Amino acid sequence: METYTAMRHFADSWGLLAMAAFFIGAVVYTLRPGSKKTAREAADIPLKDD
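About the cut-offs
- All residue numbers refer to position in the chain's written sequence, counted from 1.
- Only residues with pLDDT of at least 70 get local features here, since the model is predicted, and only at 80 or more are side-chain atom pairs given and counted; chain-wide, interface and lining totals rely on the full set of residues.
- Excluding hydrogens and water, the side-chain figures rest on all heavy atoms present in the structure.
- Helix numbering and strand numbering both begin at the N terminus, where a helix is a DSSP run of H or I of at least 4 residues and a strand a DSSP run of E of at least 2.
- Taken over C-alpha atoms, the radius of gyration is set against a globule rule of 2.2 Å times the number of residues to the power 0.38.
- The buried label applies to any residue whose accessible area, calculated with a 1.4 Å probe on protein chains only, is under 20% of its type's maximum; exposed applies above 50%, and partly exposed to all values in between.
- Any two of the Phe, Tyr and Trp rings considered here, Trp counted by its six-membered ring, make a pair once their centres fall within 6.5 Å; the pair's planes then place it as stacked at under 30 degrees, edge-to-face at over 60, or tilted in between.
- Sitting over a ring, as applied to charges here, requires NZ of Lys or CZ of Arg to be within 6 Å of the ring centre and within 35 degrees of the ring normal.

Attention shifts here to the overall build of the protein chain. A count of helices and strands for the protein chain gives two helices and zero strands. Relative to its length of 50 residues, the protein chain is extended, with a C-alpha radius of gyration of 19 Å against a globular reference of 10 Å. Judged by the C-alpha coordinates and their principal axes, the protein chain covers about 60 × 25 × 10 Å. Counting over 50 residues, the protein chain shows a buried share of 4%.

Moving on, we get to the packing of aromatic side chains. What characterises a pair of aromatic rings is the spacing of the ring centres plus the angle enclosed by the ring planes. All told, the structure shown has zero aromatic pairs when counted by the stated rule. It is Arg32 that lies over the ring of Tyr29; its NZ or CZ is 4.2 Å from the centre.

Put into C-alpha cells, the structure is as follows:
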C-alpha cells in the first residue's frame, strides 16, 4: 500500500474522529459552568488602562 493511500485512509477514519472529539471538547470546555468569570475577564482586557 502506498504511503499516500495509507495516510488518506487514516485521515478519513481516525483523523475525522480526533477532530470531532477535539471540537466537542472545546465546546464543553467553553460552556462549562465555571467559565463565565474567565470569559468576562478575557473580554475586558482591551478595555483596561495600563
